[in-house]
Amino acid sequence: MENTSLINFFRRVAQNPYAYLQEWQAKTGARLIGYFCLNTPEELIHAAGFLPIRITGSEENISLAARHLQSYSCSLIQSTLEAALRGKLSSLTGTVFPHTCDSIQRLSDIWAMNLSFPGHWDLVLPVKLHTPSARTYLIQELRRFKKGLEDFSGRFIKDEDLKKSFHLFNRVRSLLRKLAIPQIGGNYSLAAKDFYAFLKVSAIMDREEFLAHLSNFMAAKEQDHHRKEAATPLFLIGSICDHLPFFDLFNNCGAQIVGDDLCSGWRYISVDVSLSGDPLEALAERLRQRPLCPCKYNPQFDRAAELLARIKASSAKGVVFLLQKFCDPHAFDYPYLKDKLRQENIPHLLLEIEPGTFSGGGLETRLRAFVETLVEI
Amino acid sequence: MAADKPTKIPRLRTTQKMKELMTQYYLEAKLAEGSEKKIAWITSGGPVEFLIAADIIPIYPENHGTMLGASRMSVELCEVAEGLGYSRDLCSYARGDIGSVITKKSPIGGLPKPDFLLACNNICGTVLKWYQFLSRYFEVPLFLLDTPFVHHRLVPESLAYVRHQFQELIEFLETITGQKFSFSRLEEVVHLSAQSALLWKEVLNQCTHRPAPMSCFDAFINMAPIVTLRGKKEVVHFYEEMKKELQERIAQGVGAVPEEKFRLLWDNIPIWYKMRELAELFAAYGACLVADTYTNAWVFEGLETPDPLAGLALAYTTAYLNVSLDLMVERITELIERFQVDGLIIHSNRSCKPYSLGQYDLQRIIQEKYGIPGLVIEADMTDARAYAEAQIKNRIEAFMETLANRQKIGKDK
């Protein structure tokens, strides 16, 4: 596939993932397991013979979900429940809820009570990451999840199956890191909207197929070291943002994203699984080493310092906090991170995404004003 | 049936005792500030027994939060936190506390500074974020007791993990105090704590009587000692006296509500700044809130076991907000049966997602399975800006009319 047609193809998949999945499943008969949040070890699901599908927000008007969730729930949980209740996730065989925040935890209960997917797993990962007892528990919980998948599929997951999956997922991640925006280590520049579309597709599509597409794409693509000089470089901090039109706002305002700390961005691809040693221990290690999620506790890891280092290395002139309204863990970190930026004289802007249909108008006005102040610096 | 005049509600003598007990507690804690004695801030679901056994003064920002709410200082202090960038959508206990820590304002002039922090996430994930702020602000260590959430059934690995953390907590406390931790002292404290919890259950159980001698509004006010001081002798004495007073009321035929017509159950944390108004409004309809899910969360059972750490691990891991919705429905159903409840008042509390998300399903299940109607009130536990006075009053009035009609139909049959 030509690179331009591949970009168009990925845009279409990213725009309407569930329609793509339904079609693909009808063609291949594959079994799909949806999961929330990147704390889920996709590799385990894959080794069990399922295709792991990251469930992210969809642009739905909230009506059916409003009978189950209060209006003060975040966009992710409202819109995914809406999509599930409307039958849009019917291609999934089951869903995995890792313990992250209070809302995901209760969504799991509501999901189990009101929907009838054949499989449902709660992966109660520890919140602490730094102690030996937390590590022991984490490995036990991964083992319990593995056993749950085996019971469901009727197939034992061998260590070599797991390692094959690790290898595949590591290759996908490493290529995506190369593709990542130049300043965060990659050499290929791609419009932000398309880069995040690639990431979104990478968590949905059959990974072998995705890897083949991505390898061809990167072989054909000219390396591009030249950033658009006129564009203002910005760094993005937040949880999930897969409203792809959102990234157009940056283009429209003359800005370019040169780095991120998003669950649907760098945090997803930054760390690989080790291929040596016990596979479950390796998975546990990956979860422990990944850039810290605000839901997790690791006093040995300084999230602010790590972010500052990456922001400085990215040459960003400013930082945009992208908060999902009602996302407590990220909202709690915002004042602290913002103060750290202020101490370093790094300008920043807070944009909040409300549940329901995405509307860019107000956000664009604020972003434009912010970018204009940076141009003058 | 109209509720034009506020209905006088008899007060419990014990409430005055509770105020004295709490004043004494806060006074001692304030005096301890800067002394040899260590002070720890702890979450409401935290294992305070370890602190009391180590002779450390426990301080509960959440209890302080209820005071900020009841004294209507909360909004002003929340606004201070909002000024720092804390979203108005975050927990109002946390926002109020952050505001109070910074301004030192509160009905008791702020809380004494902590030497360390103990957060237990069996009530929510918010406590971690809140206590991380406190740890940065006061530059003191934070111990997180991580209690894995119970989905449908308890997993032995979770209990082992929690038990292991108790041992880590003990080592942590030994470093802080420089003293060897005494297990025999812990056993004594756990014994008192179990005794208090049992008495607390008996106190609440007095409301199974018709008419109920108190309402959940009395329980909300008088729960402070079981939350903050369980494990101390004074608490045992206090609840013995409270139980006696309630038994006297029962013997004299005195009810919390002059003419008890309806028995209701309250779900979620109280609306601290509207307690009196709500109590009077319900009383005017002859409705007594005879039970609630909140105060029952401090009825720890099976606390005392031959291995004290095992009993504590079980009690703190299976806390009401740390279990899945199906298990919450079971517990509410048990309360409905035990207290012979006619309807549910469900406070959908913007501040507390683990308590509130799922309430719509809970309301539906209880209605479908048991034919018991529920009313959802959208509000916030201490942020009065989230309270729509007229709308809530109308909804309560309409609900009470529904209940009256149901009762009439029931009698006519």
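One can find the structure itself at the top, above this paragraph.
Bear in mind the structure is a predicted one, so any value in this text is a computation, not a measurement. (Residues numbered from 1 in each chain as written. Chains lettered and ligands numbered in written order. Predicted model: local features only at pLDDT ≥ 70, side-chain atom pairs only at ≥ 80, totals over all residues. Heavy atoms only, no water.)

1. Points about the pattern of salt bridges
Residue and element names in this part refer to chain A. Tallied over the entire structure, the rule returns 49 salt bridges over all chains. Among the ionic pairs, Glu281 bridges to Arg135, the shortest N-O distance being 3.6 Å. Of this pair, Glu281 sits in helix α12 (residues 279-289) while Arg135 sits in helix α6 (residues 132-153); the two residues are 146 residues apart in sequence, bridging distant segments of the chain. A residue is classified by how much of its surface remains accessible, and Glu281, at 36% relative accessible area, is partly exposed. (Salt bridge = Lys/Arg side-chain N within 4 Å of Asp/Glu carboxyl O. Helix = DSSP H or I, 4+ residues; strand = E, 2+ residues; numbered from the N terminus. Buried < 20%, exposed > 50% of the residue type's maximum accessible area, 1.4 Å probe, protein only.)

2. Re the pairing of strand β7 (residues 318-324) of chain A
Residue and element names in this part refer to chain A. Buried residues dominate β7, accounting for seven of its seven residues. Burial along β7 is two-sided: the face carrying Gly318, Val320, Leu322 and Gln324 and the face carrying Val319, Phe321 and Leu323 are both buried. Sheet topology places strand β5 (residues 232-238) next to β7; five bridges connect them, and they run parallel. Bridging from a neighbouring strand, Leu234 pairs with Gly318 of β7. Relative to strand β8 (residues 348-353), β7 runs parallel, the two being bridged by six bridges. Residue pairing for β8: Leu323 is matched across the bridge by Glu352. (Pairing = 2+ DSSP bridges.)

3. Let's talk about the packing of α6 of chain A against helix α7 (residues 156-177) of chain B
Contact pair α6 of chain A / α7 of chain B: the axes reach a minimum separation of 10 Å and the direction vectors enclose 175°. Relative to α7 of chain B, the element α6 of chain A is oriented roughly antiparallel. Across the interface between the two elements, Ser133, Ala134, Tyr137, Gln140 and Arg144 of chain A from α6 of chain A touch Glu157, Ser158, Tyr161, His164, Gln165 and Glu168 of chain B from α7 of chain B. (Axes fitted to C-alpha atoms, helices over the stretch in contact; angles between N-to-C directions. Parallel < 35°, antiparallel > 145°, perpendicular 65-115°, else oblique. Contact = heavy atoms within 4.5 Å.)

4. Quick word on the pairing of strand β3 (residues 92-98) of chain A
All names here are of chain A. Across the seven residues that make up β3, a large majority, seven, are buried. In this structure, strand β1 (residues 32-35) lies alongside β3, joined through four bridges in parallel fashion. Bridged to Tyr35 within β3 is Val96. The β-α-β motif built from β3, the intervening helix α5 (residues 102-114) and the parallel element strand β4 (residues 119-123) has right-handed crossover chirality. (Right-handed = clockwise from strand over helix to strand, strands pointing away.)

5. What about the interface of chain A and chain B?
Tallying the contact residues gives 45 residues for chain A and 52 residues for chain B. Per-residue buried area on chain A facing chain B is highest for Tyr72, Arg106 and Phe332 of chain A; these three make up 21% of the total on that side. There are four salt bridges connecting chain A and chain B. For Asp333 of chain A, the salt bridge goes to Lys129 of chain B, with nearest N and O atoms at 3.0 Å. For the interface between chain A and chain B, the tally reads 25 residue pairs in polar contact (both at pLDDT 80 or more). Looking at the side of chain A that touches chain B, the elements with two or more residues in it are α5, α6 and α14 (328-343) of chain A. (Buried area = accessible area lost by both parts, 1.4 Å probe. Polar contact = N/O pair within 3.5 Å; in protein donor to acceptor, adjacent residues only side chain to side chain.)

6. A word on the packing of α6 of chain A against α12 of chain A
For any two helices packed against each other, one specifies the crossing angle of their axes together with the interaxial distance. Residues and elements named next belong to chain A. Packing of α6 against α12 brings their axes to within 9 Å, and their N-to-C directions diverge by 120°. One way to sum up the angle between α6 and α12 is to call them oblique. With respect to the hand of their crossing, α6 and α12 are arranged in right-handed fashion. Contacts between α6 and α12 involve Arg135, Leu138, Ile139, Leu142, Arg143 and Lys146 on the former and, on the latter, Leu280, Glu281, Leu283, Ala284, Glu285, Leu287 and Arg288. Taken together, the residues of the contact of α6 with α12 break down into seven nonpolar, no polar and six charged. (Left-handed = near helix turned anticlockwise from the far one by under 90°. Nonpolar A, V, L, I, M, F, W, Y, C, P; charged D, E, K, R; others polar.)

7. Re the layout of surface pockets
Residues and elements named next belong to chain B. One number sums up the size of the largest pocket: a volume of about 1,200 Å³. Of all the elements in the fold, those that place two or more residues in the lining of the largest pocket are α1 (13-32), α3 (61-70), α9 (216-222), α10 (224-228), α12 (275-284) and β6 (287-292). For the lining of the largest pocket, the element with the highest residue contribution is α1, accounting for eight residues. When the residues that make up the lining of the largest pocket are grouped by side-chain class, the tally is 30 nonpolar, eight polar and 11 charged. (1 Å grid on protein atoms, 1.4 Å probe; cavity = no way out; pocket = protein on both sides within 12 Å on 5 of 7 lines; lining within 4 Å. Points joined across faces, edges and corners; volume = space filled by probe spheres on them.)

8. Regarding the sheet that holds β3 of chain A
Whether parallel or antiparallel, the strands of a sheet pair through hydrogen bonds between backbone atoms. All names here are of chain A. With parallel pairing, the four strands of this open sheet are ordered in space as β2-β1-β3-β4. This sheet does not close on itself; its edge strands, each paired only once, are β2 (51-54) and β4. Strand after strand, the sheet turns through a mean of 25° between neighbouring axes, direction not considered. Its contacts with the sheet place α6 against β1, β3 and β4, and it is angled at close to 175° to β4.

9. Points about the packing of aromatic side chains
The tally for this structure, following the rule as stated, stands at 42 aromatic pairs over all chains. Aromatic side chains Tyr137 of chain B and Phe138 of chain B sit 5.2 Å apart centroid to centroid with 90° between the ring planes, which places their arrangement in the edge-to-face category. Since its relative accessible area comes to 37%, Tyr137 of chain B is described here as partly exposed. Note on Phe138 of chain B: relative accessible area 14%, which makes it buried. Against the face of Tyr336 of chain A rests Arg136 of chain B, its NZ or CZ located 3.6 Å from the ring centre. (Phe/Tyr/Trp six-rings, centres within 6.5 Å; stacked < 30°, edge-to-face > 60°. Lys NZ or Arg CZ within 6 Å of the ring centre and 35° of its normal.)

10. Regarding the sheet that holds strand β4 (residues 142-145) of chain B
Residue and element names in this part refer to chain B. Taken together, the four strands give an open sheet; going across it, the order is β2-β1-β3-β4, and neighbouring strands pair in parallel fashion. Pairing within the sheet leaves two strands with one partner each, and these edge strands are β2 (57-59) and β4. The average undirected angle you get between the axes of adjacent strands in this sheet is 25°. Relative to strand β3 (residues 116-120), strand β1 (residues 39-42) runs parallel, the two sharing three bridges. Following the sheet pairing, Ala40 is matched in β3 by Phe116. Against the sheet, α7 engages β3 and β4, with an angle of about 165° to β4.

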